[in-house]
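Fold and geometry: a report
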Amino acid sequence: MSSVPAAHREPATAFDVTAIRRDFPALQQLVYGKPLAYLDNAATTQKPEPVIQAIADFYRHDNANVHRGVHLLSERATSAYEAAREDVRRFINAGEAREIVFVRGTTEAINLVAQTFGRQRLREGDEVIVSAFEHHSNIVPWQIVCDEKGARLRVVPMTSAGDIQIEEYERVFSDRTRLVSIVHVSNALGTVNPVRRMIEIAHRHGVPVLVDGAQAVAHIPVDVRDIDADFYAFSGHKLFGPTGIGALYGKAALLESMPPYQAGGDMIRSVTFERTQYNTLPYKFEAGTPDIAGAIGLAAAIHYVERIGLDRIAAWEHELLRYGTGRLATVPGLRLYGPPPDRKAAIFSFTLSHAHPHDIGTILDREGIAIRTGHHCCQPLMHRLGVDATARASLAFYNTFDEIDRLVAALDRVQEVFG
Amino acid sequence: MGDLRELYQEVILDHNRRPHNFGELPDANRRAEGYNPLCGDHLTVFLRLEGEVVREITFVGSGCAISKASASLMTDSVKGKTLGETSALFDAFHQMVTSSGADQTPAALGKLAVLAGVREFPARVKCASLAWHTLKAALAAEPEPVTTE
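Residues numbered from 1 in each chain as written. Chains lettered and ligands numbered in written order. Predicted model: local features only at pLDDT ≥ 70, side-chain atom pairs only at ≥ 80, totals over all residues.

1. Structural notes on the overall build of chain B
Along the backbone of chain B there are five helices and four strands. Along the chain direction, N to C, the helices and strands of chain B fall in the order α-α-β-β-β-α-α-α-β. Taken across its 149 residues, chain B has 44% of its residues classed as buried. A sequence separation of at least 24 residues applies to 62% of the contacts in chain B between residues at least 6 apart. (Helix = DSSP H or I, 4+ residues; strand = E, 2+ residues; numbered from the N terminus. Buried ≥ 20, exposed ≤ 12 C-beta atoms within 10 Å, placed from the backbone. Contact = placed C-beta atoms within 7 Å.)

Structure follows, in structure tokens:
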């Protein structure tokens, strides 16, 4: 067990984490005879009962295809699907629902922009700016389109403290820069990038910005009009919603100017064998039957998060982050990566001097603690840190101070095995 | 914790801390790189094959305790063996770490039997088998790095 006595530390707040946890069936289980401490929320989050219920209810009562039938079930399905779009709009404060395109997730959203906007706009010698923090899914789609067009990727470096080098970012713009694609919150370190300021800088150069919000939306309030993002992408499953659904926000004028992504039903207005007229926004980008139940589940997740409030979520997670940072500092040989708690969100990325992250992950698993180990799909970032892998404990609002104590105690077990 | 002690036996921890046959082999005539993209483990196996016999074998690389100990134990066990014996060891080892619930560990595996606990940890089987797949690639002189993904 931990050598540090566990004092009572729950802060005086109305945040009732015990009640919240009761909403998540998966959190109630024992693994290897121990209560599950789920600290892998950056990979995916658990789902509250209302989300599970909304998906089941759709299939039980309203299941029909959307935008097609004249019958009642189709009308119900269509209205629920479009209501979900409106919920996403409100959640990120977009101006219009037609600026919300449903996609499979953040990865598809980025690929959509790369294959439409990117292929349309990039010419030989043009440049796309990304940062050292990017997930492979915000690197590879740009590499593919850059290779095809003879364009190139420019990479903004990070400081050794794990922050973006903002002066370097300012310097990397040229008259060939066509797009900035930048992560809002780093999945490997938790760093919160100053996207508002970065977008302002890009706009001074007349360059639009895509923000990868996969790790942001579950942890901090996002207002796409306040930050003035041109595109914003996120996944439902990292926001307590189902897998297979996500959203791409794009400013209407940009989306209008872009060619379609995939072709098929729903994305057309009229088809003859000579010519096809594309549908209006957002349907131009939603070929085929969409993940209707997924969108409805995502809307239920948004309602759930909105009821708690992202400000309160961010405050709770910040307390956990501060507490955990202090506790982890007591573990011998532990090195924590990334900036201090006031510049990051919900993530502890660390190594131990005596044990490889993969071994840490196995030992923690047997203590009932789920974490991620490896390169977190950020090999360039790992390379920059000079490590092959880290252990990553990532939080959600349902995590507790007690779970952090258990994490620290389990790391002591690792020391016992490897010490 | 019982399972964990099965996995992280003292022998394994020792090989992890002080791996045998660790380093490059200057007069190697076969080599291959192995990589496990899931966890970032990578290693290079060097060997000197004289006729049918693995005369010398070493490895370098970085990875978890299981992959490092497995590579260390493997180099000990195949040194001086013929290609046929090495191939039989590969099969026996593979069988041991992948057949869950099987209590029968072939006696021929010798010290390699300490890795039998891996079979209770499906996510770790690839760590234990990385060195062996890399050895196989080296013997086949496959030019590309192999992965266990």
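Still to come is the rest of the account.
2. Remarks on the domain arrangement of chain A
Many analyses report the size of an interface as the accessible area lost when the parts associate. All names here are of chain A. Split into domains, chain A comes out as domain 1 (17-31 + 309-418) and domain 2 (51-307). Taken residue by residue, the interface counts 21 residues in domain 1 and 20 residues in domain 2. Breaking the side of domain 1 that touches domain 2 down by element, the ones donating at least two residues are α11 (310-328), β14 (347-352) and α13 (379-385). When residues of the side of domain 1 that touches domain 2 are assigned to their parent elements, the largest contribution, five residues, is made by α11. (Domains from an automatic or database assignment.)

3. A look at the sheet that holds β14 of chain A
Residues and elements named next belong to chain A. Pairing within the open sheet is antiparallel, and its four strands lie in the order β13-β14-β17-β16. Of all strands in the sheet, those with a lone pairing partner are β13 (334-337) and β16 (372-374), marking the two edges. Across the sheet, the mean angle from the axis of one strand to that of its neighbour is 30 degrees, orientation sign disregarded. Inspection of the sheet shows β14 paired to strand β17 (residues 390-394) by four bridges, in the antiparallel sense. Looking at β17, one finds that I347 is bridged to S394. (Pairing = 2+ DSSP bridges. Axes fitted to C-alpha atoms, helices over the stretch in contact; angles between N-to-C directions.)

4. Notes on the interface of chain B and chain A
Contact with chain B, which involves 14 residues of that partner, is made by 13 residues of chain A. Class assignment of the residues belonging to the side of chain B that touches chain A gives a composition of nine nonpolar, three polar and two charged. (Nonpolar A, V, L, I, M, F, W, Y, C, P; charged D, E, K, R; others polar.)

5. A word on the nonpolar core
With 160 residues, the main nonpolar core has I296 of chain A together with V45 of chain B as its most contacted residues. Per-element accounting of this core gives the leading share, ten residues, to helix α10 (residues 292-308) of chain A. Shared between two domains, this core holds at least three residues of each, these being domain 1 (17-31 + 309-418) and domain 2 (51-307) of chain A. Contact partners of V45 of chain B, with chain neighbours within four places excluded, come to R31, A32, I57, F59, A131, T134, L135 and A138 of chain B. (Core = buried A, V, L, I, M, F, W, Y, C linked by C-beta atoms within 7 Å.)

6. With respect to the pairing of β14 of chain A
Residues and elements named next belong to chain A. Burial of β14 is extensive: six of the six residues sit out of reach of the surface. A two-sided burial pattern is seen for β14, the buried positions comprising I347, S349 and T351 on one face and F348, F350 and L352 on the other. In this structure, β13 lies alongside β14, joined through four bridges in antiparallel fashion. Within β14, the position partnered with R335 by the bridge is T351.

7. Digging into the sheet that holds strand β10 (residues 246-250) of chain A
All names here are of chain A. The seven strands lie next to each other as β4-β10-β9-β8-β7-β5-β6, forming an open sheet whose pairing is mixed. Edge strands, defined here as strands with exactly one partner in the open sheet, are β4 (100-103) and β6 (152-156). Looking at each pair of strands side by side, their axes are set apart by 20 degrees on average, direction ignored. Direction of pairing for strand β7 (residues 177-183) relative to strand β8 (residues 209-212): parallel, over a ladder of four bridges. Each bridged residue has a counterpart across the sheet, and for S181 the counterpart in β8 is L210. Along the sheet, helix α4 (residues 106-121) contacts β4, β7, β8, β9 (231-235) and β10; its crossing angle with β9, the most-contacted strand, is approximately 150 degrees.

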